[in-house]
Amino acid sequence: MDKQTKTVKFSLDAFNLPALTAKQEEELRILAAMPDEEIDFSDIPEAGDDAWKNAVVGKFYRPIKKQVTVRIDADILAWLQSSGAGYQTRLNQLLREAMQQAA
């Protein structure tokens, strides 16, 4: 069975948020004008290097897929398929690595 992905888009209008009061708008204007040096971070723990040791760049990045027809040598296709399901994903990963090395 093919895995299907459904894209869901949201806008703030969809959440029916109440309008900001004049006081809230004024607070936001004051905060936006405040230099970073004046912001009080005392209630926020500092994130050191350990906080990022397991971080993965691009973990949630999903490029747009485009369906195409290509001709691949039979032995290459057999090699890709020999590892089981997901051979198209592996092919895409190999091509992306080659593209990044060529850049």
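Up top is the structure.
Residues numbered from 1 in each chain as written. Predicted model: local features only at pLDDT ≥ 70, side-chain atom pairs only at ≥ 80, totals over all residues. Heavy atoms only, no water.

## Examining the overall build of the protein
Going by this rule: Note on conventions: DSSP H or I runs of at least 4 residues are helices, E runs of at least 2 residues are strands, and numbering of each starts at the N terminus. We take the radius of gyration over the C-alpha atoms and set the globule estimate at 2.2 Å times the residue count to the 0.38 power.
Scanning the protein for helices and strands turns up three helices and zero strands. Written out in order from the N terminus, the α and β elements of the protein read α-α-α. Taken against the 2.2 N^0.38 rule, which gives 13 Å for 103 residues, the C-alpha radius of gyration of the protein at 24 Å runs more than 25% over that of a compact globule. Each of the three principal axes of the protein carries a C-alpha extent, and together these read 70 × 40 × 25 Å.

## Comments concerning the layout of surface pockets
A water-sized probe, rolled over the atoms, reveals where empty space remains. As a reminder, the rule being used: Using a 1 Å grid laid over the protein atoms alone, points where a 1.4 Å probe fits but cannot get out form a cavity; open sets with protein on both sides within 12 Å along at least 5 of 7 lines form a pocket; any residue with an atom within 4 Å of a point counts as lining. Grid points are joined across faces, edges and corners, and a volume is the space filled by probe spheres set on the points. Side-chain classes follow a simple rule in which Ala, Val, Leu, Ile, Met, Phe, Trp, Tyr, Cys and Pro form the nonpolar group, Asp, Glu, Lys and Arg form the charged group, and the remainder, Gly included, forms the polar group.
In this structure, the largest pocket spans a volume of roughly 1600 Å³. Forming the boundary of the largest pocket are 28 residues, of which K65, K66, Q88, T89 and N92 lie nearest the centre. It is helix 3 (residues 87-102) that provides the largest number of residues to the lining of the largest pocket, a total of ten residues. Here the residues of the lining of the largest pocket are counted per class, giving eleven nonpolar, ten polar and seven charged.

## Side note on the packing of helix 2 (residues 74-81) against helix 3
Counted only if it meets this: Axis definition: a line fit to C-alpha positions, over the contact stretch in the case of helices; interaxial angles, taken between N-to-C directions, run 0 to 180 degrees. Here the angle decides the label: under 35 degrees means roughly parallel, over 145 means roughly antiparallel, 65 to 115 means roughly perpendicular, and every other value means oblique. Should the near helix be turned anticlockwise from the far one by less than a right angle, the crossing is left-handed, and should it be turned clockwise, the crossing is right-handed. Contact definition: two residues touch when any of their heavy atoms are within 4.5 Å.
Here helix 2 crosses helix 3 at 110°, and the two axes come no closer than 8 Å. Overall, the two elements helix 2 and helix 3 adopt an arrangement that is roughly perpendicular. For the crossing formed where helix 2 meets helix 3, the hand is right-handed. When helix 2 is examined against helix 3, the residues L77, W79, L80 and Q81 are found in contact with a partner set consisting of Y87, R90, L91 and L94. Looking at the contact of helix 2 with helix 3 residue by residue, the class counts come to six nonpolar, one polar and one charged.

## A short note on a nonpolar patch on the surface
The following threshold applies: Residues enter a patch when their relative accessible area is above 30% and they make no salt bridge; the linking distance is 9 Å between like charges and 5 Å between nonpolar side chains (Val, Leu, Ile, Met, Phe, Trp, Tyr). Method for areas: the Shrake-Rupley scheme with a 1.4 Å probe, in which residue coverage is limited to the protein chains shown. Should a side-chain nitrogen of Lys or Arg be within 4 Å of a carboxyl oxygen of Asp or Glu, the pair is scored as a salt bridge. Burial status follows relative accessibility: with a 1.4 Å probe on protein chains alone, a residue under 20% of its type maximum counts as buried, one over 50% as exposed, and anything between as partly exposed.
A surface patch of nonpolar side chains, amounting to about 560 Å² of accessible area, comprises V68, V70, I72, I76, W79 and L94. Among the residues examined, I72 registers a relative accessible area of 33% and is labelled partly exposed.

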